[in-house]
Amino acid sequence: MTANTIVSMAVGVVAVVLVLGLFNMLRGGSPERSQRLMRLRVLLQFLAIILIMLVVWMRGF
């Protein structure tokens, strides 16, 4: 896999978790589930940023 593919997948996973959390809130789902999804989103965003920074560093920009 190329670095672009890996970064795209990381961003896609963050987006999916975000949408799941929003749908859960909009349909009046469990607040605990929404809280877990949002915490997971923050963690995944952190990991995605680290990954993006690694790719930028490896490419020498």
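Just above sits the structure.
Everything numeric in this text was worked out from a predicted model, so none of it was measured.

Reading guide: rules and limits
- Residues numbered from 1 in each chain as written.
- Predicted model: local features only at pLDDT ≥ 70, side-chain atom pairs only at ≥ 80, totals over all residues.
- Heavy atoms only, no water.
- Helix = DSSP H or I, 4+ residues; strand = E, 2+ residues; numbered from the N terminus.
- Buried < 20%, exposed > 50% of the residue type's maximum accessible area, 1.4 Å probe, protein only.
- Polar contact = N/O pair within 3.5 Å; in protein donor to acceptor, adjacent residues only side chain to side chain.
- Core = buried A, V, L, I, M, F, W, Y, C linked by side-chain atoms within 4.5 Å.
- Contact = heavy atoms within 4.5 Å.
- Expected span 1.5 Å × (residues − 1).

K.L.:
How do you make sense of the environment of R27 when you look at a structure like this?
P.N.:
Along the chain, the position of R27 falls in the loop between helix 1 (3-26) and helix 2 (31-59). A residue is classified by how much of its surface remains accessible, and R27, at 63% relative accessible area, is exposed. Sequence separation between R27 and A10 is 17 residues, and the spatial gap between their C-alpha atoms is 26 Å. A polar contact of 3.3 Å, which involves the side chain of R27, links it to the side chain of N24.

K.L.:
How should the nonpolar core be read in this particular structure?
P.N.:
The nonpolar side chains of a soluble globular protein tend to be buried, and buried together. Listed in full, the six residues of the largest apolar core are A10, V14, V17, L37, L44 and A48. Every element with two or more residues in this core is listed here: helix 1 and helix 2. Leaving out residues up to four positions away in the same chain, L44 has contacts with V13, V14 and V17.

K.L.:
Is there a simple way to think about helix 1 in this case?
P.N.:
For an α-helix, the turn length of 3.6 residues means that residues three or four places apart are oriented alike. The end-to-end C-alpha distance of helix 1 is 35 Å, a good match for the 34 Å that 24 residues give at a rise of 1.5 Å each. Within helix 1 the residues assigned to the buried category are V7, A10, V14, V17, G21 and N24. Looking at the packing, one finds that the buried side of helix 1 touches helix 2. Positive backbone phi, at 75 degrees, marks G28, one or two positions downstream of helix 1.

Read these as layout, nothing more, since geometry by itself doesn't imply function.
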